[in-house]
Amino acid sequence: MKNKTKPVSRIRIALGSAVLVLLVAALSFVYLTFGEKPISGSKAITITVVNSAAQETAYSLKTDAAYLLDAMKETDGLTFSGAEGPYGLMIDTVNGERAVYSENGAYWGFSVNGQYCNYGASEQPVQDGDAFVIAYTK
């Protein structure tokens, strides 16, 4: 004996599948439209650069960076460079101004919330509300 599927049951299976697909599509649309939106950054910080003329340039940003160096890379308008050393990136140029200790005793000093940083920029942790200062120091 052959097992024949009735045409009505094939139609029910097709309709059930179509309803399931529509239901999943509708729920996906609702989630994407009204679901929680990603936050641009969970930590609000400031980075202030003080140049050799004592002029300050402040940058505010929201970031998810774990370390200062990563936050600096995300900061629009802030430029910096340096050389890799045994303790990470040794920053010698900020916003086009160079500070080289061996040439004139100048360096870029880093502080957070009024205290000198205990780590280099690549290892200095970033917390919500931190206020960093990068100051030309002689």
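A few points on the structure. Quick caveat: nothing in here was measured; it's all calculated off a predicted structure. (Residues numbered from 1 in each chain as written. Predicted model: local features only at pLDDT ≥ 70, side-chain atom pairs only at ≥ 80, totals over all residues. Heavy atoms only, no water.)

**What about the sheet that holds strand β6 (residues 107-112)?**
- Taken in spatial order, the five strands line up as β2-β1-β8-β6-β7 in an open sheet, and their pairing is mixed. Looking at the sheet topology across the chains shown, the edges are occupied by β2 (56-63) and β7 (115-116). (Pairing = 2+ DSSP bridges. Helix = DSSP H or I, 4+ residues; strand = E, 2+ residues; numbered from the N terminus.)

**Looking at the packing of aromatic side chains**
- Within this structure, the stated rule accounts for two aromatic pairs.
- On the numbers, 6.4 Å between centres and 55 degrees between planes, the contact of Y101 with Y107 is tilted.
- According to the relative accessible area criterion, Y107 is partly exposed, its value standing at 33%.
- Aromatic side chains W108 and Y136 sit 5.5 Å apart centroid to centroid with 80 degrees between the ring planes, which places their arrangement in the edge-to-face category. With W108 in strand β6 and Y136 in strand β8 (residues 131-137), the pair connects residues that are 28 residues apart, well separated along the chain. Note on accessibility: W108 and Y136 belong to one class, buried. (Phe/Tyr/Trp six-rings, centres within 6.5 Å; stacked < 30°, edge-to-face > 60°. Buried < 20%, exposed > 50% of the residue type's maximum accessible area, 1.4 Å probe, protein only.)

**Brief notes about the environment of E97**
- Mapped onto the fold, E97 is located in strand β5 (residues 97-98).
- In this structure the C-alpha to C-alpha distance between E97 and L22, which are 75 residues apart in sequence, comes to 60 Å.
- Other than its neighbours up to four places away in sequence, E97 contacts N51, S52, D92, W108 and Y136. (Contact = heavy atoms within 4.5 Å.)

**Observations concerning a nonpolar patch on the surface**
- Residues F29, V30 and F34 make up a contiguous nonpolar surface patch of about 370 Å² in total accessible area.
- The exposed category is assigned to F34, whose relative accessible area is 67%. (Patch = residues over 30% accessible without salt bridge, like charges linked within 9 Å, V, L, I, M, F, W, Y side chains within 5 Å. Areas by Shrake-Rupley, 256 points an atom, 1.4 Å probe, with all protein chains shown as cover. Salt bridge = Lys/Arg side-chain N within 4 Å of Asp/Glu carboxyl O.)

**Section: the side chain of D130**
- Within the secondary structure layout, D130 lies in the loop between β7 and β8.
- In this structure D130 is buried but unpaired, with K43 as the nearest side chain of opposite charge at 7.8 Å.
- Of note is the side chain of D130, whose polar atom sits 2.9 Å from the side chain of N113.
- Here Q127 takes part through its backbone nitrogen, which lies 2.7 Å from a polar atom of the side chain of D130.
- Each residue touching D130, except ones within four places of it in the same chain, is listed here: A44, I45, T46, V112, N113 and P125. (Lys, Arg positive; Asp, Glu negative; His and termini not counted. Polar contact = N/O pair within 3.5 Å; in protein donor to acceptor, adjacent residues only side chain to side chain.)

**Notes on the pattern of salt bridges**
- Scanning all chains against the criterion turns up one salt bridge.
- Between R98 and E103 there is a salt bridge; the shortest N-O distance is 3.3 Å.
- The exposed category is assigned to E103, whose relative accessible area is 58%.

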